[in-house]
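# Close look at the chain arrangement
So the chains spell out like this:
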Amino acid sequence: MAEIYSASVVKKTKVKKRRKKKITSFRREIYQLIGKTKNPLAAFVAKPDGVNFETQLSKEKIILLLRRHWITNLGWVLIASLMIFAPVFLTSFPLISFLPSRFQFIVILMWYLLVIAFVLERFLSWYFNVNIITDERIIDIDFYNLIYKEISDAEIEEIQDVTLTMGGVIRTIFNFGTILIQTAAEKTQFEFEDVPNPALVIQVLKRMQLEERQEALEGRIR
C-alpha cells in the first residue's frame with residue numbers, strides 16, 4: 001500500500017513538473033517576442049521595472065504597458081511650439097503694445113503659464129492613459145485629471161475576440177493601430193488606441209490565451 005502511495009506521489013510530481021515546463025515555455029516565448037524596455041517614457045514598454053497600478057494583485061506581473069504612439073503627440077507639440085513663440089511676434093503688432101510695460105510683462109507671464117498648463121495637461125493625458133497586459137488580465141486606465149481616472153479590467157480567459165484596425169499612410173509607416181478586444185467581462189469592449197506594434201501585441205494576447213487554456217486543462221499552477 002505504501003509503495004502504491006509513493007508511486008502516486010512521484011507520478012503527480014512528474015505531472016506538475018511537466019505542467020510548469022509547458023507554462024514556462026509559453027512565457028519564455030512571450031518574453032523573447034517582446035524583449036525588455038528600459039525607457040519608462042516609451043509607448044511600448046515590455047516587462048517594466050518599478051511600475052505598479054492600484055488594483056494589481058500581489059503576484060501579478062506586468063508583461064506590457066502600452067501608450068498611444070508618440071507620433072500622436074505631434075499635433076499638440078506643434079501647437080505648444082507656436083504658443084511659446086507667439087509673444088515674440090505679438091510685440092511687433094499693436095495688440096499689447098498700448099499697455100504699460102509692467103502690464104505687458106504680466107500678460108506675457110500669464111500667457112506662458114497657460115502654455116505650461118496646456119503642455120502639462122496633454123503630457124499627463126498621454127503618459128497616464130495606458131493599457132496594461134499582465135499574466136492574469138488586461139487593464140484599461142483612462143486618466144481624465146489628477147483627481148479622477150477610470151480603471152477597467154478583464155481576465156485573459158474572458159477575451160473572446162481581438163480585432164486590429166490599422167489604416168492610413170501614417171499608421172502604416174510608423175506601425176501603430178487600434179486593437180479592439182471583445183470580452184465576456186462586465187466591460188464588453190476594450191480599446192487599445194493607437195498603440196505601437198499592434199500585431200505583436202495581438203501575438204502576446206493569443207499566447208496568453210493559450211497559456212490560460214493550458215492551465216485550465218491541466219490545473220492552475222501558482
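Further up the page is the structure itself.
What you are looking at is a predicted structure, and each value in this text was computed from that prediction instead of being measured.

## Digging into the overall build of the protein chain
Helices and strands together make up the secondary structure of the protein chain, namely 5 helices and 8 strands. From first element to last, N terminus to C terminus, the protein chain shows the α and β order α-β-β-α-α-β-β-β-β-α-β-β-α. Surface exposure of the protein chain reaches about 14200 Å², of which carbon and sulfur atoms provide 62%.

## Here's the deal with the pattern of salt bridges
Enumeration according to the criterion identifies 9 salt bridges in this entry. One connected set of salt bridges, linked through shared partners, spans E60, R137 and D153.

## Notes on the packing of aromatic side chains
Using the criterion set out here, one finds 6 aromatic pairs in the structure. Here F123 and Y127 contribute two aromatic rings whose centre-to-centre distance is 5.7 Å and whose plane-to-plane angle is 20°, an arrangement assigned as stacked. In this pair, F123 and Y127 are both assigned in helix α3 (residues 101-128), 4 residues apart and thus about one turn of the helix distant. Classification of F123 as partly exposed rests on a relative accessible area of 33%. Its relative accessible area of 23% is what places Y127 among the partly exposed residues.

Calculation criteria
Residues numbered from 1 in each chain as written. Predicted model: local features only at pLDDT ≥ 70, side-chain atom pairs only at ≥ 80, totals over all residues. Heavy atoms only, no water. Helix = DSSP H or I, 4+ residues; strand = E, 2+ residues; numbered from the N terminus. Areas by Shrake-Rupley, 256 points an atom, 1.4 Å probe, with all protein chains shown as cover. Salt bridge = Lys/Arg side-chain N within 4 Å of Asp/Glu carboxyl O. Phe/Tyr/Trp six-rings, centres within 6.5 Å; stacked < 30°, edge-to-face > 60°. Buried < 20%, exposed > 50% of the residue type's maximum accessible area, 1.4 Å probe, protein only.

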